Amino acid sequence: MINSKSISLFFSLFGFWLLMSGHYTVLITSLGVVSCLLCVYLTIKGNFLDNETIPIYFFPRLIQYTIWLIKEIFMSNITTAKVILSKSEEPELFSVKATQKTNEGKVTYANSITLTPGTVTTQIKDNVFEVHALTKEFGDDVRSSEMDRMVTWLEKGK
Amino acid sequence: MLDISIEIISIISFVVGVFFILTGSIGLIRLPDVFSRIHAAGMIDTAGASFVILGMILQSGFSLITAKLVFIGIFIFFTSPITGHVTANLARKKGVNPVGKTKGKTL
C-alpha cells in the first residue's frame, strides 16, 4: 500500500535516521534505508497507518500554528512565574466545549492546553474538556476559546 | 566580536532557563495540591528546558549536534503535556478534590 502517508512516514523516519547517525558510508546508509522500509512495512501490516498516526493534512498550517503556540507558551510562562513568586494563586476547575470534529484535532487542542503552563486538561468526554487553571486569568484565556479557534483552523488543513 | 556576543547570548539564555527551573521547583514545593503543582512542572518542561537547550545550541556551534539538541527539545515538547495530563487525569479518577473553586458542571 504505497500512498502519500507511507511515503511521508518513510521520509520522516529516514531523515531522522540520517540526523541521528552521522556516518554516511554506502553500507551504513543502505542499512538505514532497509530498517526504515521495515518499519513502514510493519506499520502498514499492523494497520497503524491512518490519520491519527500521520496527520499530514495538518502540515500546511502547522508552522504558523507552532509559532503562535510558542508565543502563547512564553507569555504564560512569565505569568506562571509571577504567580508562583507572588503567592497569588487561586486555582479553579471548569469545563469548556471543543469545536474540533476529528480525534486528532481534539488531541492537539487538549495537548496545547496542557503544554501552556497554568492550564491542564484533566478529563475529556466527547467534546467537553475539563480544565484546571492556576488563576482566574488563565481560566478566562481558555474560556475565551482563542486557542480553540486556532486548532479548528489548523484542523481544516488546506 | 561575534564569538563574544554569541557567548553572552548563550550565558543569558542559560541564566533565564535556570531562573525558570528554580521558580518551577519553588512552585512544586509551595503550591497547595497536585493539580496546581502540575503547572509548575509544566513550566520547567517548557521554558526551563527550552532556554537551557537554546544556550547549548549556541555553545555547540553549527554541526550535527545542533540538530540533535533541537530534537531533544522537540521530544520534551511532545512528551511533557502527556505526562501532565496523565497525572491530572489519574488524580481526578481516584477522587482527589482540587483546592479552590469549581465552576459550573464538571465531568
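Read on for a plain summary of the structure.

About the criteria used
Residues numbered from 1 in each chain as written. Chains lettered and ligands numbered in written order. Predicted model: local features only at pLDDT ≥ 70, side-chain atom pairs only at ≥ 80, totals over all residues. Helix = DSSP H or I, 4+ residues; strand = E, 2+ residues; numbered from the N terminus. Rg over C-alpha atoms; globule rule 2.2 N^0.38 Å. Contact = placed C-beta atoms within 7 Å. Axes fitted to C-alpha atoms, helices over the stretch in contact; angles between N-to-C directions. Parallel < 35°, antiparallel > 145°, perpendicular 65-115°, else oblique. Nonpolar A, V, L, I, M, F, W, Y, C, P; charged D, E, K, R; others polar. Pairing = 2+ DSSP bridges.

Assigned secondary structure in chain A consists of six helices and three strands. For 158 residues, the compact-globule estimate of 2.2 N^0.38 gives 15 Å, and chain A exceeds it by more than 25% at 20 Å. Seen along its three principal axes, the alpha-carbon backbone of chain A occupies a region of about 60 × 35 × 25 Å. Here the analysis covers contacts within chain A between residues at least 6 apart in sequence; of these, 70% occur between residues at least 24 apart.

As a further point, take the packing of helix α4 (residues 103-115) of chain A against helix α3 (residues 64-93) of chain B. Running from N to C, α4 of chain A and α3 of chain B cross one another at 90°; their axes reach a closest spacing of 9 Å. With respect to α3 of chain B, the element α4 of chain A is oriented roughly perpendicular. When α4 of chain A is examined against α3 of chain B, the residues Ala 110, Asn 111, Thr 114 and Leu 115 of chain A are found in contact with a partner set consisting of Ser 80, Pro 81, Gly 84 and His 85 of chain B. Residue composition of the contact of α4 of chain A with α3 of chain B, by class: three nonpolar, five polar and no charged.

Attention shifts here to the interface of chain B and chain A. Contacts between the two partners involve 36 residues from chain B, matched on the other side by 30 residues from chain A. Secondary structure elements with two or more residues in the side of chain B that touches chain A: α1 (2-30), α2 (34-60), α3 and β1 (101-102) of chain B. The dominant element in the side of chain B that touches chain A, judged by the number of residues it contributes, is α3 of chain B, at eleven residues. Here the side of chain B that touches chain A is composed, by residue class, of 16 nonpolar, 14 polar and six charged. Pairing of strand β1 (residues 92-97) of chain A with β1 of chain B involves two bridges; the strand directions are parallel.

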